[in-house]
Amino acid sequence: MSILTVDRVAVGYSNTIIINELSVTIPDKKITTIIGPNGCGKSTLLKALARILKTQKGAVFLDGRAIHQLPTKEIAKKMAILPQSSEAPPGLTVFELVSYGRYPHQRGFGTLKQEDLKHIHWAIEVTGLSELRDRPVEALSGGQRQRVWIAMALAQDTEILVLDEPTTYLDLAHQLDILIMLKRLNEEEGKTIVMVLHDLNHASRFSQYMIAMKDGKIMTEGSPEEVMTHDHLETVFDIQAILTACPFSQNPICLSYQLNKEAEYLLQTN
């Protein structure tokens, strides 16, 4: 049974509805990536999944229970959330920030127990931060800081990771570094990962399931082979795409593309 489900939700900001009557099931123990043009509702859906935004209609269910009826600490024991932009307080070390991930498992302002330290050390090690554990977070590179935030989420010891554009503002090498690490966590630790990505090729290469959105609606969902097709990319992004197989994953990737209106112009002039 899937852990996370969305049933006919309506979500928005103030009086503006962004997504309406949307239903989707997040596959258990897989990497699911949400794609779509800017303003289509990707991050809104993610915030609804993470209970950052309250649904105006419908409900999000975690283990069959409506998420807005669950205590915050209970949710935090099952789902860790990495927002699009995160800032650490000045002077905080890598170890200190990662240790914050144990808060849902503590009572009041209790000190770290042996169980907490075990999860903190594991999260630091698995994200490749052992040599940086005593460094101030602000002294790290963008890619290193992103790994620290992921380590904090991992220290929560949750089944689900929800990430909003985890590779934004990172260079190519650091983008791959983060995505390879997430794939390893999925394969080796069985984590269910849900994320928003702008890069279609990264989404296809590193996902087992994809959700394509446009205008607040899910246009198609399924495996990368089912979602990354000429027709679907034309419908969702209004582009004419040239697709090929990724040599690393064998999933389809976009080799190049042009806007529909540009393709029509070229046909008319040739």
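Here the structure is a predicted model, which means the values were calculated and not measured. (Residues numbered from 1 in each chain as written. Predicted model: local features only at pLDDT ≥ 70, side-chain atom pairs only at ≥ 80, totals over all residues. Heavy atoms only, no water.)

(A) Quick look at the sheet that holds strand β10 (residues 217-222). Taken in spatial order, the 6 strands of this open sheet run β6-β7-β8-β3-β9-β10, and their pairing is mixed. Both edges of this open sheet fall to β6 (79-82) and β10, since each of them pairs with a single strand only. Across the sheet, the axes of successive neighbouring strands diverge by a mean angle of 15°, strand direction being ignored. In this structure, strand β9 (residues 209-214) lies alongside β10, joined through 5 bridges in antiparallel fashion. By the bridge assignment for β10, M213 is matched with I218. Against the sheet, helix α5 (residues 142-155) contacts β6 and β7 (160-164), and its axis sits at roughly 160° relative to β6. (Pairing = 2+ DSSP bridges. Helix = DSSP H or I, 4+ residues; strand = E, 2+ residues; numbered from the N terminus. Axes fitted to C-alpha atoms, helices over the stretch in contact; angles between N-to-C directions. Contact = heavy atoms within 4.5 Å.)

(B) Representation of the nonpolar core in the model. Ranked by internal contacts, the top residues of the largest apolar core, which has 48 residues, are V94, V98, V148, I150, L163 and L182. A per-element tally of this core places α5 first, with 8 residues. Counting the residues that make up this core, at least three belong to each of domain 1 (1-78 + 160-224) and domain 2 (80-157). Leave out the neighbours within four places in its chain, and I150 touches L82, T127, L163, I178, M181 and L182. (Core = buried A, V, L, I, M, F, W, Y, C linked by side-chain atoms within 4.5 Å. Buried < 20%, exposed > 50% of the residue type's maximum accessible area, 1.4 Å probe, protein only. Domains from an automatic or database assignment.)

(C) Geometry of the domain arrangement of the protein chain. Taken as a whole, the protein chain is organised into domain 1 (1-78 + 160-224) and domain 2 (80-157). Computed from C-alpha atoms alone, the centre-to-centre distance between domain 1 and domain 2 is 22 Å. Taken together, the contact between domain 1 and domain 2 spans 25 residues of the former and 23 residues of the latter. Interface area, domain 1 with domain 2, both sides summed: about 2000 Å², of which 59% is carbon and sulfur. Counting across the interface, domain 1 meets domain 2 through 1 salt bridge. The salt bridge partner of D177 is R147, with a shortest N-O separation of 2.8 Å. Within the residue set of the side of domain 1 that touches domain 2, elements represented by two or more residues are α2 (72-76), β7 and α6 (172-189). The dominant element in the side of domain 1 that touches domain 2, judged by the number of residues it contributes, is α6, at 8 residues. Across the side of domain 1 that touches domain 2, the residue classes tally to 13 nonpolar, 3 polar and 9 charged. (Buried area = accessible area lost by both parts, 1.4 Å probe. Salt bridge = Lys/Arg side-chain N within 4 Å of Asp/Glu carboxyl O. Nonpolar A, V, L, I, M, F, W, Y, C, P; charged D, E, K, R; others polar.)

(D) Inspection of α6 at higher detail. In a regular helix each residue adds 1.5 Å, so 18 residues correspond to 26 Å; α6 covers 25 Å between its end C-alpha atoms and thus fits that length. For α6, the set of buried residues is Q175, I178, L179, M181, L182, L185 and N186. Angular distribution of buried residues about the axis of α6 spans 155°; they occupy a single face of the element. With respect to the buried face of α6, the exposed residues turned more than 90 degrees away are L172, A173, E187 and E188. For α6, the secondary structure elements touched by its buried residues are β3 (31-35), α4 (114-126), α5, β7, β8 (192-196) and α7 (200-206). N-cap assignment for α6: the residue whose side-chain oxygen lies 3.2 Å from the backbone N of A173 is D171. (Expected span 1.5 Å × (residues − 1). Arc of directions from axis to C-beta. Polar contact = N/O pair within 3.5 Å; in protein donor to acceptor, adjacent residues only side chain to side chain.)

(E) Expanded view of the pairing of strand β11 (residues 239-245). By the bridge criterion, 7 bridges tie β11 to strand β12 (residues 252-259) in an arrangement that is antiparallel. Opposite I239, over in β12, you have L259 as the bridge partner.

(F) Examining the state of the cysteines more closely. If you walk through the whole model with that rule in mind, you get 0 disulfides. C254 supplies the cysteine sulfur nearest to C40, a cysteine that is in no disulfide, at a spacing of 17 Å. With a relative accessible area of 2%, C40 lands in the buried category. Given the relative accessible area of 12%, C254 is considered buried. (Disulfide = S-S within 2.5 Å.)

(G) Summary view of the pattern of salt bridges. Taken as a whole and judged by the stated rule, the model has 8 salt bridges. With its nearest N and O atoms 3.1 Å apart, the salt bridge here joins D7 to R8. Given a relative accessible area of 29%, D7 falls into the partly exposed group. K118 serves as the salt-bridge partner of E115, at 3.5 Å between the closest nitrogen and oxygen. In this pair, E115 and K118 are both assigned in helix α4, 3 residues apart and thus about one turn of the helix distant. Assessed through its relative accessible area of 41%, E115 is described here as partly exposed. Among the residues examined, K118 registers a relative accessible area of 48% and is labelled partly exposed.

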